[in-house]
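Per-entry structural report
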Amino acid sequence: IDKFCTHSDSLDFEHLEECINRQSGWLKDTPYLTGVQSKVQSFNSIDKNRAVYSLFAKERDGKDLKWSSIKDKYVLLSFWASWNPQSVMEQDSLASVLKSLRKENFIAVSISLDVDKEAWLNYSDRDTTQWKQVCDFKGWNSNVVKSQGVESLPYHILLDPNKRVVEKNIALKELVGKMKSLNERNNKKR
């Protein structure tokens, strides 16, 4: 549990809870497991929709996205799929939005709900290198899709630099203004 769950870049709270529940007797009652279980329960009851603690998916080059390496930036999670024409159009318009936010403390991560790798590669090939394209090929069963309550496409979630949810289902046309206002507010605090 310690090695493969709590120290993983792709922390899966559901899997962690399953692993703990499979334990029995004195092992389940150890202070370590009791503490981990307490954290899992608090995540499930309080923070589930308020932050994205982990994101496990492959980038186009086949390498794992290092979620922990995205630091000190606002993050737009843009959910889409090659089989959804409206979300494909949103992906096309993401390039102009990102151009407007070049100077902002911002990065976008497009999360595909595709289960067909070839379809995803063909559609994401049209995109530029301005943002990260990832897919875990689990479709609607992806952990981040389920934990964030994504029920339709396209869907966008704006996260702050601590990966806490700022706004869910934000429209791309509102994103530029929102980012400029957030950065102005942050600059005034300094």
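Within each chain, residue numbers correspond to sequence positions counted from 1 in written order. Totals for whole chains, interfaces and linings use all residues, but because this is a predicted model, local features are given only for residues with pLDDT of at least 70 and pairs of side-chain atoms are given and counted only at 80 or more. Just so you know, side-chain values use all the structure's heavy atoms and leave hydrogens and water out.

1. Digging into the side chain of Gln-133
Only DSSP runs of H or I reaching four residues or more are called helices, and only runs of E reaching two or more are called strands; each is numbered from the N terminus. Mapped onto the elements, Gln-133 comes out in strand β4 (residues 132-135). For the purposes of these results, a polar contact is taken to be a pair of N or O atoms within 3.5 Å, where, inside protein, one atom must be able to donate a hydrogen and its partner to accept one; residues adjacent in sequence count only when each atom of the pair is a side-chain atom. Here Trp-80 takes part through its side chain, which lies 3.4 Å from a polar atom of the side chain of Gln-133. Within the local environment of Gln-133, its side chain forms a polar contact with the side chain of Gln-91, the two groups lying 3.3 Å apart.

2. Concerning the sheet that holds strand β3 (residues 106-112)
Read from one edge of the open sheet, six strands run β1-β4-β3-β2-β5-β6, paired in mixed fashion. A single partner strand is all that each edge strand has here, and the edge strands are β1 (58-59) and β6 (165-168). Two strands pair under a simple rule: DSSP has to find at least two bridges between them. Where strand β2 (residues 74-80) and β3 come together, seven bridges link them in parallel fashion. Bridging from a neighbouring strand, Leu-76 pairs with Ala-108 of β3. Should any heavy atoms of two residues lie within 4.5 Å, those residues are considered in contact. Helix axes are fitted only over the stretch in contact, all axes being lines through C-alpha atoms; the angle between N-to-C directions runs from 0 to 180 degrees. Seen against the sheet, helix α6 (residues 117-124) touches β1, β2, β3 and β4 and runs at an angle of roughly 170° to β4.

3. Re the packing of aromatic side chains
Side-chain rings of Phe, Tyr and Trp (the six-membered ring for Trp) are treated as a pair once their centres are within 6.5 Å; stacked means planes under 30 degrees apart, edge-to-face means over 60, and tilted covers the remaining angles. Inspection of the entire model under this criterion finds three aromatic pairs. With 5.5 Å between their ring centres and 80° between their planes, Trp-120 and Phe-137 make a pair best called edge-to-face. Note that Trp-120 is positioned in helix α6 and Phe-137 in the loop between β4 and α7 (143-147), a separation of 17 residues in sequence. The exposure class of Phe-137 is partly exposed, given its relative accessible area of 25%. Burial classes: relative accessible area under 20% of the type maximum marks a residue as buried, over 50% as exposed, and values in between as partly exposed (1.4 Å probe, protein chains only).

Geometric descriptors of this kind do not, in isolation, establish any biological role.
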